[in-house]
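# Architecture at a glance
Here is how the chains run, residue by residue.
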Amino acid sequence: MFGTLNNYLSSVHRAWTNGDGDTLASYISLKDKHIMNRNLYVEMPENAINRLLESPIDEIICAHLKVLFYLGLEPRDFMQAYKHQSQCIQSVVKMLQQLKEENWCLPVMYTACLDLRILAQRCEELGNSSKPGEILEKAADCLMSCFRVCAADNRSSDNETKRLGMLHLVNQLFKVYFRINKLHLCKPLIRAIDSSAFKDMFPLPERITYKYFVGRKAMFDSDYKSADEFLSFAFKHCPKNFPRNKRLILIYLVPVKMLLGFLPKKYILERYDVLQFHELAEALKEGNVRKFDDVIQRHEIFFIKCGIYLLVEKLKFIVYRNLFKKVYLIKQTHQLDLNAFSSALQFVGETDMTIDETHCIVANLIFEGKIKGYISHSHNKLVVSKQNPFPPLNTVS
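Here is a short report on the structure shown in this document. Bear in mind the structure is a predicted one, so any value in this text is a computation, not a measurement. (Residues numbered from 1 in each chain as written. Predicted model: local features only at pLDDT ≥ 70, side-chain atom pairs only at ≥ 80, totals over all residues. Heavy atoms only, no water.)

## A closer look at the pairing of strand β3 (residues 381-384)
The following threshold applies: The pairing criterion for strands is at least two bridges between them, as found by DSSP. The secondary structure listing takes helices from DSSP runs of H or I that are at least 4 residues long and strands from runs of E that are at least 2 residues long, numbered from the N terminus.
With three bridges joining them, strand β1 (residues 335-337) and β3 adopt antiparallel strand pairing. Pairing of L336 across the sheet is with L382, part of β3. Relative to β3, strand β2 (residues 373-376) runs antiparallel, the two being bridged by four bridges. Within β3, the residue paired with G373 across the bridge is V384.

This is the structure:
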């Protein structure tokens, strides 16, 4: 493709002159086939570029060709490539500022930002930073410079505004912040999108990605109803021909649903290869603490790797709740001796559980609204409400 550097630059000039953002974006993409052309691996391309290209596209292409040069070395120099990709972003910001009331250039920004994040991740993986996450954090600063320009574009018409590029950048920033575990930085971005007049006009794939990340954020904030809403949207609208993405959403959606009292269907879990949750659901339904602990132990690596181990651990209180509900149904009384709960716990494997620990579990379930009642310490009894003593989990606030 292109053959010579001049041919490549002429094609870039044509796309720039025609305002063809998609074609221009492909010419600076590290996923495009032109990167295989060794004629483009030029360390000092300035002279050739200055003859054929004008500002600001000249700086963008110059930085891109230097990225190709350092990625073409043996061994590849990812750190230098990343530094020049950062310069490329700075030039993209200039372009966004220069092209007032036009947004055909947004695909160029998308491509440059995506490649910057990927290069930053590669540098982190290779241990090029003095402390973990440092390079990705600097990459996020570059992405934010693009975001600020787009967010500030208030004068353009709805069709030409750069604000339409905000969600793409937010999703890139989410991927960085989740990777470096700085979720608090997501909050102002979420506020910006939720208050945007374009929040329902962004492309569906971008909205799916956004809902996936805000759903995970809500999950970590223990806002399970919001997490359920966002992750359900992402799962429902994610196309069937992206099973890997649907599985990824399901890994977070299923435990959230279980915390709200909805158990997953086995065929769904089979389809997306997450049957670990089926065993968990069975233990939950039975109120079987021993079985629950066994499932957690057997699939511990899976839960930790997915970042949901602590979330899954929270399900244990639902196991206790379901077990105690069975005791209530057997006894058929509203004044339940706490020794009966202690015996039930020992029966399902909690052999070391003391009566004080049983009191503590019951008190927590009352506090969380999973049991309606109070403990009479003088009589060692749980006195439950005569109306709906074990309310459905999806009604518990």
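Let's pick the thread back up.
## Some words on the nonpolar core
To keep things clear, this is the line we draw: We define the nonpolar core as a collection of buried residues of types Ala, Val, Leu, Ile, Met, Phe, Trp, Tyr and Cys that are connected through side-chain atoms lying within 4.5 Å of one another. Type-normalised accessible area, obtained with a 1.4 Å probe on protein chains alone, sets the label of each residue: buried when under 20%, exposed when over 50%, and partly exposed for intermediate values. Any two residues whose heavy atoms approach within 4.5 Å are treated as being in contact.
The biggest cluster of nonpolar side chains holds 148 residues, and the ones touching the most others in it are I61, M109, F174, L280, I308 and F324. Among all residues touching F324, those that are not within four sequence positions of it are F341, L345, I361, V362, L365, I371 and F390.

## Some thoughts on the packing of aromatic side chains
Here is the rule we go by: Planes of paired rings set the category: under 30 degrees apart is stacked, over 60 is edge-to-face and the rest tilted, where pairs are Phe, Tyr or Trp rings (Trp by its six-membered ring) whose centres lie within 6.5 Å. Two thresholds decide whether a charge sits over a ring: the Lys NZ or Arg CZ must be within 6 Å of the ring centre and within 35 degrees of the ring normal.
In this structure the tally under the stated criterion is 16 aromatic pairs. Both rings, one in F174 and one in F213, keep their centres 5.8 Å apart while their planes meet at 50°; by these two values the pair is tilted. Placement of F174 in helix α8 (residues 166-179) and of F213 in helix α10 (residues 204-220) is noted, with a sequence separation of 39 residues between them. Each member of the pair, F174 as well as F213, carries the same accessibility label: buried. Both rings, one in F178 and one in F213, keep their centres 5.1 Å apart while their planes meet at 55°; by these two values the pair is tilted. One end of the pair, F178, is in helix α8; the other, F213, is in helix α10, and 35 residues separate them in sequence. This pair shows no difference in class: F178 is buried, exactly as F213 is. Aromatic rings pair up to connect F174, F178, Y210, Y212, F213 and Y252 into one cluster. Its guanidinium or amino end placed over the ring of F233, K211 lies 5.4 Å from that ring's centre, counting from NZ or CZ.

## Things to note about the packing of helix α18 (residues 316-331) against helix α20 (residues 355-367)
What counts is decided by this rule: Lines fitted to the C-alpha atoms define the axes, with helices restricted to the stretch that makes contact. Angles between their N-to-C directions range from 0 to 180 degrees. Comment on the angle field: the value is read as roughly parallel under 35 degrees, roughly antiparallel over 145, roughly perpendicular from 65 to 115, and oblique elsewhere.
Where α18 contacts α20, the axes come no closer than 10 Å and their chain directions differ by 100°. The pairing of α18 with α20 is recorded here as roughly perpendicular in orientation. Only I361, V362, N364 and L365 of α20 make contact with α18, whose side of the interface consists of F317, Y320, R321 and F324.

## Concerning the sheet that holds β2
Strand pairing within a sheet occurs via backbone hydrogen bonds; the two strands may be parallel or antiparallel. Pairing within the open sheet is antiparallel, and its three strands lie in the order β1-β3-β2. Strand pairing shows two members of the sheet lacking a second neighbour, β1 and β2, which therefore form its edges. Between one strand axis and the next, the sheet turns by 25° as a mean value, whatever way the strands run. Against the sheet, helix α19 (residues 338-347) touches β1, β2 and β3, its axis set at about 50° to β1.

## Some words on the environment of F202
Among the secondary structure elements, F202 is positioned in the loop between α9 (186-194) and α10. Looking at F202, the relative accessible area reads 2%, which means it is buried. Separated by 39 residues in sequence, F202 and R163 have C-alpha atoms that sit 9.8 Å apart. Excluding residues within four positions of it along the chain, F202 makes contact with R163, L164, M166, L167, I193, S196 and R207.

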